[in-house]
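# Structural description and commentary
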Amino acid sequence: MKKNLLASFFIVSGVTIGGLIALNNQSSVSASNVNDYIHSQNIKHNGIAFPIWSGFPTDDMGYRNGKGRPEGVVVHETANPSSTIKNEIAYMKSNYNSAFVHTFIDDNNILNIADTNNMSWGSGPVGNQRYVQFEQVRVHSKYAFAKEVSNAAFYTAYVLNHYGLSPNLATTANRGKGATVLAHADVSKYLGGTDHVDPTSYYSESGKKWFNQAYTMSDLYGLVKEYYDGMRYSKVSFNDATGSESAQVVGAGYDLYNHVSNTDSSVSQGPASKLAGKRVYLDCTGAKDDGTMWYRIRVGGTSTKYWVDGRALQFRQIDYSSMNVIGKFDGTSSDLRSHVYNSEWLSNSRGNAQQYRNQTTKIDQKAVITDYSGSKSTMYRVLVGNKTMWASSWAVELQQNYSKVSFNDATGSESAQVVGAGYDLYNHVSNTDSSVSQGPASKLAGKRVYLDCTGAKDDGTMWYRIRVGGTSTKYWVDGRALQFRQIDYSSMNVIGTFDGTSSDLRSHVYNSEWLSNSRGNAQQYRNQKTKIDQKAVITDYSGSKSVMYRVLVGNKTMWASSWAVNINN
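All of the points below concern the structure found in this document. (Residues numbered from 1 in each chain as written. Predicted model: local features only at pLDDT ≥ 70, side-chain atom pairs only at ≥ 80, totals over all residues. Heavy atoms only, no water.)

### So, the pairing of strand 24 (residues 448-457)
Along strand 24, seven of the 10 residues are buried, which leaves the element largely enclosed by surrounding structure. With nine bridges connecting them, strand 21 (residues 405-418) and strand 24 associate as antiparallel partners. When the bridges of strand 24 are listed, Val405 appears paired with Lys457. Across seven bridges, the pairing between strand 24 and strand 25 (residues 462-468) is antiparallel. By the bridge assignment for strand 25, Ala456 is matched with Met462. Between strand 24 and strand 25, which pair antiparallel in sequence order, lie four residues; one of them, Gly460, sits at a positive phi of approximately 95 degrees. (Buried < 20%, exposed > 50% of the residue type's maximum accessible area, 1.4 Å probe, protein only. Helix = DSSP H or I, 4+ residues; strand = E, 2+ residues; numbered from the N terminus. Pairing = 2+ DSSP bridges.)

In structure tokens:
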């Protein structure tokens, strides 16, 4: 392929599928200084990132045995000593009609940018139809080269393992027949259709330069075998379901199996595409340690079961949205589920909604399920006791939304008078969880109450927690039920001096609707000058007046009593 292929970029954080397996017994692998260095330094491979680019062709791009059926891996290197992985990928995206590969590797990255279920164009017409292909970017230090071949070996083993292929190096004995691990040079030598000989010289020269020994494909193959043997079988976590939920098979690029693939005794039962368009019922999930989710499926009207990668299935579209609502079970008989019914998570029964007739429940999420025909249904996530579950919308009557409230504490020394007509007192801010009316606010009409907290509701109203003087009982009330002192504000632009009087500095005008907190004592600023930009004249219920100034102390604004600040003439 074109060797100055600059390549693209990317990076999504990948998932490390396996760790470096340093075997104590390596007698089956010929001595390699590079591999010995990798083991002695405990060099770990990078995880694989999958920033798949949508610009690569996909139509008529199946391998000779079909989509998702490669026969092995071809190893390349760019032959460009000055390129970077970012530039290589960028160049390839701009020139993919000439050549492209599936993955790029250096000492810090394994970037799979083209779907390995489709062929690429990197090793001639014979190789392209058979193999997943990756490029190595040239690196320039001892450690970097060791790390890069470790990444290359791991990725090769990963691909073989993923597609159920066994490692088999191309050699003069097999002349590439049945080989699953090949250099580009092996494709040229044994299969034809290309004349490139990479990565032979890059491996050889780098090995001699840093490790006093040429590195070879045979040495790389030794690492591939170690990685492959370490990931031979996948770990799978299983969860049973009822078998009543269903999905449709898409299938292209995936096989059916008798067990989850890459587990003991798993054997392909042919391509999933043979069930394309069919509705299948799902009775078990298998979460593999490579991050994929597998399902045990059964075609309606048959008893035959298969396992298949979840990417071969199309589930119903489900749109989730948050709610904050109270509902009531209306007595309809309907299954409660552990998850949304017919979702990719599958679900199990959590009882029947009928058993909770007339009970209220908090609802925090809605799921709108669109069936394949376009018809829609709705489920709510409900809280029953301390358990969350999903209920059909036709088993729950919605009550009212809870309000969202932002609270701010105050000192409790500020006061207002209750007017009260048309408003109630509550144990909590109204329309919040557990709020209950404590009767009309008018029963406190004319009384002075002290305020120790505000609650700003999402409907724009301000609520106050109040206490009647001489009592310990507290209520919440809408601020419109309170009469605050009249406060007249005016602008100023003068300089004042703190005269040493002991007086609280406040975050807001004292006894205003904003409430306030202490910002220290004016006495601490004795003889300091301060800028004054606003005056507030407070008229008490008796008609007496007092004045506060908004002062700037350092970079902080606060309110001070007028008798603690002298205005400079």
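### What to know about the sheet that holds strand 24
Read across the open sheet, the seven strands follow the order 23-22-26-25-24-21-27; overall the sheet is antiparallel. Pairing within the sheet leaves two strands with one partner each, and these edge strands are strand 23 (437-440) and strand 27 (482-483). For strand 25 and strand 26 (residues 474-478), the ladder comprises five bridges, and the chain directions are antiparallel. Counterpart to Tyr464 in the pairing with strand 26 is Val477.

### A word on the packing of helix 4 (residues 142-162) against helix 6 (residues 200-211)
Describing two packed helices takes the angle between their axes plus the distance from one axis to the other. Interhelical geometry of helix 4 versus helix 6 gives an angle of 140 degrees and a closest axis separation of 10 Å. Relative to helix 6, the element helix 4 lies oblique. Relative to helix 6, helix 4 is oriented so that their crossing is left-handed. Between helix 4 and helix 6, the residues in contact are Lys142, Phe145, Ala146, Glu148, Val149 and Ala152 and Tyr202, Tyr203, Ser206, Gly207, Trp210 and Phe211, respectively. In terms of residue class, the contact of helix 4 with helix 6 is made up of eight nonpolar, two polar and two charged. (Axes fitted to C-alpha atoms, helices over the stretch in contact; angles between N-to-C directions. Parallel < 35°, antiparallel > 145°, perpendicular 65-115°, else oblique. Left-handed = near helix turned anticlockwise from the far one by under 90°. Contact = heavy atoms within 4.5 Å. Nonpolar A, V, L, I, M, F, W, Y, C, P; charged D, E, K, R; others polar.)

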